[in-house]
Amino acid sequence: MRRKLFAANWKMNLTPAEGRTLIAALRADLDRDAAALARDRDVLVAPPFLAIPAAAQALAGSAVALGAQNMYFEPKGAFTGEVSAEMLRFFGVSYVIVGHSERRHIFKEDDETVGRRAAAVATARMTPILCVGETATERDAGRTLEVVLRQLEIGLSQFPARDAANVVIAYEPVWAIGTGRTATPEQAQTIHGALREALNERLGHDTGAAIRILYGGSVTADNVDTLMAKPDIDGALVGGASLKADSFARIVRAKSA
Ligand code: PGA
């Protein structure tokens with residue numbers, strides 16, 4: 001049985017002080033049924049880099065893990081504006097999102113460097129959340145599977161085999177991110193099923209069955225249950241609805257199938 005994973009991606013929102021307040025409210029809410037939640041699901045928050053130290057303090061002693069929204073693959077050096085694995089680990093970061101569509105489309109990261117990031121995260125003993133997803137134009141042209149399978153293939157091409165079961169995949173259709181237009185559970189399951197098959201083929205069935213595939217794109221308290229009812233949807237990567245403690249806590253409490 002795969003444990004569900006609910007990840008809050010704050011994007012470029014919240015100051016350290018605001019982040020601390022949000023985490024305190026989230027902890028208070030989730031603590032009400034902490035033991036039940038801990039049985040079958042994991043939770044993480046991924047603040048902007050500058051809020052990570054405050055978030056680490058606010059999360060001390062909590063079951064909620066700390067994530068980062070990106071990371072560079074080189075260990076150190078002349079890479080202005082970048083952040084390394086060691087810097088993130090210093091604050092107890094254990095998950096790193098790589099290849100988010102905003103990184104790919106706004107900041108021009110490509111499949112190859114996303115793959116290097118994923119590998120570097122795993123080598124540093126953290127868990128990468130590798131994002132894949134098609135644009136509206138690609139979907140309309142019938143190219144969804146081709147695009148997400150290419151992103152998966154190249155994204156994992158440099159991944160250390162011994163860590164393969166530890167990767168997390170996030171399917172986030174670009175047209176669903178921040179638009180209020182969620183993929184239907186059926187649309188999402190079709191892609192998640194295809195991703196699972198590709199993972200099985202590439203890594204073997206045992207490893208493929210262990211890897212968590214999250215859905216992301218306008219997930220809310222109202223649509224999370226029907227999404228999570230699908231067999232290959234193992235959690236959610238949540239943007240907008242993770243910025244309020246009560247809505248994210250409700251998402252974390254999604255009914256699991
Ligand atoms: P959204 O963002 O929930 O605001 O659509 C999801 C994401 O981009 O990770």
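Quick look at the structure, then. (Residues numbered from 1 in each chain as written. Predicted model: local features only at pLDDT ≥ 70, side-chain atom pairs only at ≥ 80, totals over all residues. Heavy atoms only, no water.)

1. A short note on helix α12 (residues 245–252)
Residues three or four positions apart in an α-helix share a direction because the helix packs 3.6 residues into each turn.
Here is step 1 of the chain: Across the eight residues of α12, six count as buried, placing the element largely inside the fold.
Here is step 2 of the chain: When we look at burial in α12, the residues that qualify are A245, S247, F248, A249, I251 and V252.
Here is step 3 of the chain: Lining the buried residues of α12 we find β1 (4–9), α1 (16–30), α2 (34–40), β2 (41–46), α11 (224–228) and β8 (235–238). (Buried < 20%, exposed > 50% of the residue type's maximum accessible area, 1.4 Å probe, protein only. Helix = DSSP H or I, 4+ residues; strand = E, 2+ residues; numbered from the N terminus. Contact = heavy atoms within 4.5 Å.)

2. Side note on the site of the ligand
Here is step 1 of the chain: Surrounding the ligand, one finds 13 residues, the nearest of these being K11, H100, E172, G178 and S218.
Here is step 2 of the chain: At a separation of 2.7 Å, an oxygen atom of the ligand approaches a polar backbone atom of S218.
Here is step 3 of the chain: In the environment of the ligand, an oxygen atom lies 2.8 Å from a nitrogen or oxygen atom belonging to the backbone of G239.
Here is step 4 of the chain: Out of a free accessible area of 280 Å², the ligand has 95% covered by protein chains.
Here is step 5 of the chain: A per-class count over the shell around the ligand returns four nonpolar, seven polar and two charged. (Near = heavy atom within 4 Å. Polar contact = N/O pair within 3.5 Å; in protein donor to acceptor, adjacent residues only side chain to side chain. Areas by Shrake-Rupley, 256 points an atom, 1.4 Å probe, with all protein chains shown as cover. Nonpolar A, V, L, I, M, F, W, Y, C, P; charged D, E, K, R; others polar.)

3. Here's the deal with the sheet that holds β1
Here is step 1 of the chain: Spatially, the eight strands close up into a barrel ordered β1-β2-β3-β4-β5-β6-β7-β8, and their pairing is parallel. With strand direction ignored, the average angle separating the axes of adjacent strands in the sheet is 25°.
Here is step 2 of the chain: Both strand β5 (residues 127–132) and strand β6 (residues 168–171) contribute to a ladder of four bridges, which runs parallel. By the bridge assignment for β6, I129 is matched with V168. (Pairing = 2+ DSSP bridges. Axes fitted to C-alpha atoms, helices over the stretch in contact; angles between N-to-C directions.)

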